[in-house]
Structures are given as structure tokens and as C-alpha cells.
Amino acid sequence: MPEQVPAQAEARGRESFGSRLGAAMASRGPLCVGIDPHPALLKSWGLADDVAGLRRFSLTVVEAVASLAAAVKPQVALFERHGSAGMAVLEEVLAEARDQSVLTIADAKRGDIGSTMAAYADAWLRDESPLAADSVTLSPYLGFESLRPALDLAAETGRGVFVLALTSNPEGASVQHVGGADSVARRITSAAARENERYQGSLGSVGLVVGATVGSALVDLDLDLAAVRGPILAPGLGAQGATPADLRATFGDAYPLVLGTSSRDILAAGPEHRGLQEAAQRTLAGLRQG
Ligand SMILES: O=C(O)c1cc(=O)[nH]c(=O)n1[C@@H]1O[C@H](COP(=O)(O)O)[C@@H](O)[C@H]1O
């Protein structure tokens, strides 16, 4: 039963993900740095588009920004394209982030029927898994309730999830805005709010993904994100055109819950630590000013 889950996490001496992320956002600021090792970025860093290049790139980003960011978000697709050796690098990156005390969001956007979802939950959210991260992104388009195994395992192990609600890409609206006053996005945000009822006294561990680029959609769809009480992962800064000022305008009262995330815009400032750190600090200063 949902009410028992925080007790399970507590029994294991675990602090919830929402509580840990809230503390990291308060002490370091509301920035997540995306680790997206695109072939073009590897090239611009003077690295080959191979497993050695992938490893050097990703570990460099973790080392450079671990003390500046509340979280790092490896994009799983860009490791997967290198096959099993690429996934081994992802395991190493997750372990390095853990050693350097920066929270991880595995950007895997998983979603499937419940029985298969249980296996995805095991992969990303179970202690023993080599791919265990602090949190994982989930796609709710097989129905929010199909995510149940991940929602429950995250609560049990003190981990978190970010559920896609309003994505940053222009095509997202063709599905997410459907339904008028009872839009798909509204159903997802309401379901996330219900899940977060089990996390009392801190930020919930069920976050949402809402793009920095969604403009007036929150007003148009009448979404109250502050009421969800979970973190809001907001991609779309920089390379997709959104600015920190856009975030403040878009999120209004919910802005304190927003974790701005940027990948290419910061990564293009590598390979030197200093360049990456300056780019991250610039983005963070913008987010703090909002
Ligand atoms: O879940 C995500 O992080 C995500 C959701 C979304 O709506 N839009 C979006 O861009 N993302 C991811 O955020 C990252 C954005 O990268 P940049 O555009 O380079 O900052 C990519 O890894 C995307 O897959």
C-alpha cells in the first residue's frame, strides 16, 4: 500500500530522492547538466566517436561539474549507440557521479506494460543493479498506472522518477494538449500530485518533465504545477532556444520547484574543465536570477 512505502525507505535508513534533490538545489542551485555525448561534440573536443572518446568525454563532464550542479543527466541513447561497451561506460559514469556526490538522472524515458516495466524499474532503480541511478525519466503514454512498478520501487529504495508531462519538442503538443480542460498533460500532472501525497514534509520524489520551451501551455491548459509538490525537470535551455528568463515567465509560482537542465550549450564549452565550469556557472547565475 502506498502509505507504507516511505516507512520502508525509512526502515532502510534512506532519505527520499525528493528530500535529497531539494537539499542539493538549495545548496548548489537549480542546475542539472546533461551529459549528451553527441558525435559532433566528441569531434569538437578532439575525440573519436568511439568508446574511448565516449568515456573520456563523459567522465570529464562529471569531474568538471560535480560540485557545481544539483544533478547530472546522462542521455542513455548516446551511450546505447555504442552497444554493450557504451552501456559499460554509462555504469562507470553513474558510479563516478555517486563517488563525487552529485545526484544522477538517467535519461532513459522508459515506459511499457507493467510486467516489463518491472524489469526497467529493476534496471534503473534497484540497489543491486549496475545501472542504478538516483532517478530515471519515464514516459507515461502507456497509461500513468503502467509506471506503477517504477513508482513503488523508487519509493522503496529512496530513488525518484521524472514523468514526461509537456515535452520541449514542438511535436509533443499533438498528444499532450489533447482533451481541452481535461488534457492528457493535466491527467499526468494530477496523477503525479496524487503519488506525491505519500511524501509528506519534503519535496516529492515523483517529478515531472516540462520543457523550458512550452510558452503559455501551463496557462492554456490550466495546470497548477506548484500543487504537484515534485521537482520539475525543465530541458530546452540554450540549444533549444529557451533562456532562464523564459523559465521564470513560464513557471510562475512553481519556479522554486524547477531544475533547469542544459546539455549541448554547456558541453560545447569543453573539453577543458574551466570552460565547462564557466558555462555551467553562467547558466546557474541566469537560473538564480530567473
Ligand atoms: O527528458 C528529458 O530530459 C527531455 C525531455 C524533453 O522534453 N526535452 C528534452 O530535450 N529532453 C532531453 O534533454 C536534453 C536536451 O539537450 P540540449 O538541447 O542539448 O540541452 C536531451 O537529452 C533531451 O533528450
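Residues numbered from 1 in each chain as written. Predicted model: local features only at pLDDT ≥ 70, side-chain atom pairs only at ≥ 80, totals over all residues.

> Explain the sheet that holds strand S4 (residues 135-138) residue by residue, including any values.
Reading around the circumference, S1-S2-S3-S4-S5-S6-S7-S8 is the order of the eight strands in this closed barrel, with parallel pairing throughout. The sheet shows a mean angle of 30 degrees between the axes of neighbouring strands, direction not considered. As paired elements, strand S5 (residues 160-166) and strand S6 (residues 206-210) share five bridges and run parallel to each other. Within the sheet, the bridge partner assigned to Phe-162 lies in S6 and is Gly-207. Lying over the sheet, helix H8 (residues 148-157) contacts S4, S5 and S6, oriented at roughly 140 degrees with respect to S5. Contacts from helix H14 (residues 273-289) reach strand S1 (31-35) and strand S8 (258-262), with the element oriented near 140 degrees to S1. (Pairing = 2+ DSSP bridges. Helix = DSSP H or I, 4+ residues; strand = E, 2+ residues; numbered from the N terminus. Axes fitted to C-alpha atoms, helices over the stretch in contact; angles between N-to-C directions. Contact = placed C-beta atoms within 7 Å.)

> So what's going on with the confidence of the model for the chain? Residues and values would help.
For the chain, the average pLDDT comes to 95, and 95% of its residues sit at 70 or higher. Mean pLDDT in the chain bottoms out at helix H1 (residues 4-11), which sits at 49, and peaks at S4, which reaches 99. As scored by the predictor, the complex reaches a pTM of 0.96 and an ipTM of 0.99. (pLDDT = per-residue confidence, 0-100.)

> Describe H14, listing the residues and the values that go with them.
Spacing of three or four residues puts side chains on the same side of an α-helix, whose turn is 3.6 residues. Between its first and last C-alpha atoms H14 spans 24 Å; for 17 residues at 1.5 Å apiece the expected length is 24 Å, and the two agree. Among the residues of H14, Leu-276, Ala-279, Ala-280, Thr-283, Leu-284 and Leu-287 are the ones counted as buried. An end-on view of H14 places all buried positions within 135 degrees of arc, on one side of the element. What points out from H14, more than 90 degrees from its buried face, is the exposed set Arg-274, Ala-285, Arg-288 and Gln-289. (Expected span 1.5 Å × (residues − 1). Buried ≥ 20, exposed ≤ 12 C-beta atoms within 10 Å, placed from the backbone. Arc of directions from axis to C-beta.)

> Tell me about the pairing of strand S3 (residues 103-110), and name the residues and values.
Burial analysis of S3 places seven of its eight residues in the buried class, the great majority of the element. Where strand S2 (residues 71-74) meets S3, two bridges bridge the pair, whose relative direction is parallel. The partner of Val-72 across the bridge, within S3, is Thr-104. Relative to S4, S3 is paired through three bridges, and the arrangement is parallel.

> Residues and numbers for the site of the ligand, please.
Close to the ligand lie 18 residues; Thr-167, Ser-168, Pro-235, Ser-263 and Arg-264 are nearest. When grouped by side-chain class, the residues that make up the shell around the ligand number three nonpolar, eleven polar and four charged. (Near = placed C-beta within 6 Å. Nonpolar A, V, L, I, M, F, W, Y, C, P; charged D, E, K, R; others polar.)

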